[in-house]
Amino acid sequence: MSDSIVHVDLGERAYDIVIGGGALADIGSRCAELFGSGKRILMVSDANVAEYYVSGTEALLIGAGFQVSVCVLPAGESTKCVARLAEIWEEAVEARLDRKSFIVALGGGVIGDLAGFAAASFLRGIPFVQVPTSLLAMVDSAVGGKTGMNLPQGKNLVGAFHQPNLVLADLSVLATLPLREQHAGMAEVIKYGVIWDPEMFAFIESHVAEIQALDSEAMRYLVKRSCEIKADVVRQDEREGGLRAILNFGHTLGHAIENVCGYGEWLHGEAISIGMVYAAKVSEVVNGFSSAETDRLIALFKAFELPVSWKGLCWEDLYKAMTADKKAENALPKFVLAEEMGKVGLPLEVSVELLKRVYDDGA
Ligand code: NAD
Ligand code: GLY
């Protein structure tokens, strides 16, 4: 079957997301069409992904007439740091990249964010291509142009908006993604169902076995629909002046959990699963969101072995982390709250008393 294309309509920064079971095979021709053959490329990846996909992708790009250099970094969140960014910059100088050259980010969200930021900053900005290899990267981080890295003081504290010129999501690479990572990616897919698309939510409920078996048509539908939703949101609000904040449903508590427990104990998707259950329960009180819908959400997370409870996590630590988050205003945490399945509002401040009451109910 031919690849599916989602167009991200951002005027002169518009680009296509190509989704298919063998989309990577066309990387050479697609890049040649976009940039012209013969350009210099720095391909950035991590050690896990490189084991499977770097040499094949490099060969495809060389076969299409490009001059390719490769930079393989260690896998994991700690790679999103200044030292590794400097490594990419140095490799870019070594490879003699110029303004017509481009970077290929081949990996999960860590590589996409860091290589994207390298592209945003090197020579004041050169083009880049996202080749997301984790489910989370396909449905979220590779789309929308947020790039960046962590500082010792906090996650994603430095970054830039820099849209890719092309996103190539090859669903076949999900076969080598560890199961826990697949489930964590599903948390973001389920999020799109809650914030935007009740039909996709229902589809996931009725296709759990197919999704777990990575059925190609089910995965194509989920990745395509998720990208369409994110593209629609980003088209309306590229720089998060308003609407884009709804993508943070579940993230207020989720980020606090990652912060308090240390990045690595919970995967991002796992932390936001707990955060989405908490946000749904706050939504019941504030918006009259139906508790039956919260139960559907909990059942779906459990089907993908995602955590749903904050039991054992200390309220004071979580609250402190929520108020310190870069999105909190006047040190008050803000929550995206559900109104009904498929519909959420813009972030709202919620009183500490109410937040504590919901926490206590589940603690
Ligand atoms: P990741 O990049 O660390 O990838 C997860 C793990 O899976 C890594 O060990 C990686 O090596 C491995 N992996 C990836 N693809 C693989 C494959 N096909 N086969 C085998 N192993 C594979 O993490 P992630 O979950 O992809 O992304 C998380 C990062 O994304 C965080 O840093 C987060 O801040 C960022 N993020 C950014 C945005 C954005 O809009 N820019 C949105 C959400 C998350
Ligand atoms: N992951 C949230 C965003 O891209 O805005």
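Use the structure listed above.
Residues numbered from 1 in each chain as written. Chains lettered and ligands numbered in written order. Predicted model: local features only at pLDDT ≥ 70, side-chain atom pairs only at ≥ 80, totals over all residues. Heavy atoms only, no water.

A.B. asks: So what exactly am I meant to see when it comes to the pairing of strand E8 (residues 154-161) here?
C.D. replies: In terms of strand pairing, strand E7 (residues 146-151) meets E8 through 5 bridges, oriented antiparallel. Looking across to E8, one finds that Leu 151 is bridged to Gly 154. Two successive antiparallel strands, E7 and E8, enclose a turn made up of 2 residues. (Pairing = 2+ DSSP bridges. Helix = DSSP H or I, 4+ residues; strand = E, 2+ residues; numbered from the N terminus.)

A.B. asks: Please explain the packing of aromatic side chains as it appears in this structure.
C.D. replies: In total, this model carries 8 aromatic pairs according to the counting rule given. Measuring from ring centre to ring centre gives 5.6 Å for Tyr 52 and Tyr 53, while their planes differ by 40 degrees; the resulting arrangement is tilted. Its relative accessible area of 46% is what places Tyr 52 among the partly exposed residues. With 5.2 Å between their ring centres and 90 degrees between their planes, Tyr 278 and Trp 310 make a pair best called edge-to-face. Pair noted here: Tyr 278 is in helix H11 (residues 268-287) and Trp 310 is in the loop between helix H12 (291-303) and helix H13 (315-324), with a separation of 32 residues, a long-range link. Neither residue differs from the other here; Tyr 278 and Trp 310 are each classed as buried. Put simply, the rings of Phe 35, Phe 66 and Phe 102 pair up and form one aromatic cluster. Above the plane of the ring of Tyr 192 lies Lys 191, whose end atom (NZ or CZ) is 5.0 Å from the centre. (Phe/Tyr/Trp six-rings, centres within 6.5 Å; stacked < 30°, edge-to-face > 60°. Buried < 20%, exposed > 50% of the residue type's maximum accessible area, 1.4 Å probe, protein only. Lys NZ or Arg CZ within 6 Å of the ring centre and 35° of its normal.)

A.B. asks: Just checking my understanding: could you explain the side chain of Ser 141 for this structure?
C.D. replies: Looking at the secondary structure, you find Ser 141 in helix H5 (residues 135-141). Classification of Ser 141 by relative accessible area gives buried; the value is 18%. Ignoring any residue separated from it by four or fewer positions in sequence, one finds Ser 141 in contact with Gly 109, Asp 113, Gln 130, Leu 136 and Lys 146. (Contact = heavy atoms within 4.5 Å.)

A.B. asks: Where do I start with the sheet that holds strand E3 (residues 40-46) in this structure?
C.D. replies: Backbone hydrogen bonds hold the strands of a sheet together, and the pairing may be parallel or antiparallel. Taken in spatial order, the 7 strands make up an open sheet running E1-E2-E9-E6-E5-E3-E4, and their pairing is mixed. Pairing within the sheet leaves two strands with one partner each, and these edge strands are strand E1 (4-8) and strand E4 (67-73). Strand-to-strand twist of the sheet, defined as the mean angle between neighbouring strand axes without regard to direction, takes the value 15 degrees. In this sheet, strand E6 (residues 128-132) lies alongside strand E5 (residues 102-107) in parallel orientation, the contact comprising 5 bridges. Considered in E6, the bridge of Ala 105 is made with Gln 130. (Axes fitted to C-alpha atoms, helices over the stretch in contact; angles between N-to-C directions.)

A.B. asks: Would you mind going over the nonpolar core with me for this structure?
C.D. replies: Ile 204 and Tyr 278 are the most contacted members of the largest nonpolar core, which totals 103 residues. When neighbours within four sequence positions are excluded, Tyr 278 is seen to be in contact with Leu 253, Trp 310, Trp 315, Phe 335, Leu 355, Lys 356, Val 358 and Tyr 359. Listed in part, the 22 residues of the second largest apolar core include Ala 95, Ala 105, Ile 111 and Ile 126. (Core = buried A, V, L, I, M, F, W, Y, C linked by side-chain atoms within 4.5 Å.)

A.B. asks: Help me understand the pattern of salt bridges, please; the structure alone is not making it clear to me.
C.D. replies: Oppositely charged side chains can pair when the atoms bearing their charge come close. Applying the stated criterion across every chain, the model contains 19 salt bridges. We note a salt bridge from Lys 146 to Glu 240, for which the minimum N-O separation is 2.5 Å. With Lys 146 in strand E7 and Glu 240 in the loop between helix H9 (216-236) and helix H10 (251-261), this residue pair connects regions lying 94 residues apart in the sequence. Overall, the relative accessible area of 21% leaves Glu 240 in the partly exposed class. Where Glu 270 meets Arg 180, a salt bridge forms, and the shortest distance between an N and an O atom there is 2.7 Å. On the criterion of sequence distance, the pair formed by Glu 270 in helix H11 and Arg 180 in helix H6 (residues 179-195) is long-range, its members being 90 residues apart. (Salt bridge = Lys/Arg side-chain N within 4 Å of Asp/Glu carboxyl O.)

This is a description of form; function is not addressed.
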